[in-house]
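# Coordinates in review
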Amino acid sequence: MFSREVVLRALLHGSWRCYPVPVRPFCKPAPAPPKPPTVKRIWNQLFGRYLLVTNTVSSGVLMLIGDVAAQEIERRRDHLPSTDSYDRRRLFNMTLVGLSQGPLHHYLYKWVDAFLPGASIRTVFKKIGIDQFIISPIFIITYMYSAGLLEGASVQSCTTEVRQKYWTIYAADWLVWPPTQFINFYLLGPKYRVLYINAITMLYNVFLCYIKHNDDLLSFLNQPTPEDSKPPHDAS
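Attention here is on the structure that accompanies the text. Each residue is numbered by its place in its chain's sequence as written, counting from 1. Reporting in this predicted model follows two pLDDT cut-offs: at least 70 for local features of residues, and 80 or more for side-chain atom pairs to be given and counted; totals over whole chains, interfaces and linings ignore these cut-offs and use all residues. As a rule here, side-chain values cover all heavy atoms of the structure and leave hydrogens and water aside.

### Looking at the pattern of salt bridges
Where charged atoms from two side chains of opposite charge approach closely, those side chains can pair. Within this document, salt bridges are pairs made up of a side-chain nitrogen of Lys or Arg and a carboxyl oxygen of Asp or Glu, the two lying within 4 Å of each other. For the structure shown, the criterion picks out seven salt bridges. A salt bridge links Asp 67 to Arg 90; the nearest nitrogen and oxygen atoms lie 2.9 Å apart. With Asp 67 in helix H3 (residues 51-77) and Arg 90 in helix H4 (residues 88-115), this residue pair connects regions lying 23 residues apart in the sequence. Here the two residues Asp 67 and Arg 90 agree in accessibility, since each one is buried. Among the salt bridges present, the one from Arg 76 reaches Glu 72, with a minimum N-O distance of 2.9 Å. Note that Arg 76 and Glu 72 are positioned in helix H3 at a spacing of four residues, about one turn of the helix. In this structure, a network of salt bridges that share partners links the residues Asp 67, Glu 74 and Arg 90. Here a helix means four or more residues in a row that DSSP labels H or I, a strand means two or more in a row labelled E, and each is numbered from the N terminus. The cut-offs for exposure are 20% and 50% of the maximum accessible area for each residue type, with area from a 1.4 Å probe on protein chains only; residues under the lower value are buried, those over the upper are exposed, and the others partly exposed.

### Topic: the packing of H4 against helix H5 (residues 121-150)
One can describe the packing of H4 onto H5 by two numbers: an axis separation of 10 Å at closest approach and a directional angle of 155 degrees. The orientation of H4 relative to H5 falls into the category roughly antiparallel. Pair H4 / H5 crosses with right-handed handedness. Note on residue classes: Ala, Val, Leu, Ile, Met, Phe, Trp, Tyr, Cys and Pro are nonpolar, Asp, Glu, Lys and Arg are charged, and everything else, Gly too, is polar. For the contact of H4 with H5, a count of residues per class yields 16 nonpolar, five polar and four charged. Axis lines are fitted through C-alpha atoms, for helices just across the contact stretch, and the angle between N-to-C directions can take any value from 0 to 180 degrees. The scheme is simple: roughly parallel for angles under 35 degrees, roughly antiparallel for over 145, roughly perpendicular for 65 to 115, oblique for anything else. Crossings are classed by handedness, with left-handed meaning an anticlockwise turn of the near helix from the far one by less than a right angle and right-handed meaning a clockwise turn.

### What to know about empty space enclosed by the protein
Throughout, the protein atoms alone are placed on a 1 Å grid, and a set of points is a cavity if a 1.4 Å probe fits but cannot get out or a pocket if it is open with protein on both sides within 12 Å along at least five of seven lines; lining residues have an atom within 4 Å of a point. Grid points are joined across faces, edges and corners, and a volume is the space filled by probe spheres set on the points. Per the stated rule, a full pass over the model turns up two cavities of 30 Å³ or more. Computed from the structure, the largest cavity encloses a volume of approximately 100 Å³. Listed by contribution, the elements that provide at least two residues to the lining of the largest cavity are H4, H5, helix H6 (155-187) and helix H7 (193-213). A total of four residues in the lining of the largest cavity trace back to one element, the largest contributor, which is H5. Per-class residue counts for the lining of the largest cavity are five nonpolar, four polar and two charged. Listing elements by their share of the lining of the second largest cavity, those giving two or more residues are H3, H4 and H7. Its residues assigned to classes, the lining of the second largest cavity shows three nonpolar, seven polar and no charged.

### Some details on the nonpolar core
Only buried residues count toward a nonpolar core, which is a set of Ala, Val, Leu, Ile, Met, Phe, Trp, Tyr and Cys residues joined through side-chain atoms within 4.5 Å. Membership of the largest hydrophobic core comes to 29 residues, with the highest contact counts inside it found for Ile 140, Tyr 143 and Ile 169. For this core, the elements supplying multiple residues, two or more each, are H4, H5, H6 and H7. It is H5 that provides the largest number of residues to this core, a total of nine residues.

Structural measurements only, silent on function.
Structure follows, in structure tokens:
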């Protein structure tokens with residue numbers, strides 16, 4: 001115990017001090033949530049904050065792959081040696097075209113989902129109709145003009161090419177995209193739409209790039225039938 005002298009000195013001179021006593025909490029704080037794995041975190045960033053970048057870059061890369069396949073088909077058709085390199089200028093132009101299509105697809109499909117929310121069968125068919133009658137013509141025309149202008153063609157020349165090849169490409173669109181878009185709008189989430197479309201477009205781009213740079217398929221499709229080549233019957 002303290003002596004009487006020590007207690008009196010503390011009271012008179014104010015040297016008595018109180019020290020805080022730490023209070024032990026009754027409940028432990030909740031542990032911090034574990035960070036997601038790196039791959040999952042990157043995936044969420046690519047299809048979240050950076051979705052526009054993902055859609056743009058994937059469009060360019062897959063257009064590039066499509067043109068590589070188209071050039072390979074042309075090389076085998078013409079029996080060119082395998083040592084011949086690809087047309088790098090054309091590959092570069094097609095990549096730029098793909099990059100330009102990425103933001104277009106991104107915002108168009110974003111608008112479609114905002115305009116027609118939900119995934120009922122009726123809504124899905126409405127979205128397919130918008131895709132075929134609005135988005136598809138926009139895509140074809142912008143593709144033909146951007147690819148032609150990058151290759152040095154004039155606007156008038158691009159217009160002529162659009163008139164010659166538009167309906168062939170648009171007819172192929174009706175064979176490919178309605179079933180493709182049904183899966184897209186009915187089963188997939190909005191953030192995966194452009195990536196899915198780009199994956200299918202990688203195959204479709206082979207057709208686009210081929211018909212853009214070759215007229216033989218167009219001539220074959222438009223050649224007259226034997227009945228058309230017969231002279232008209234003389235009624236007299």
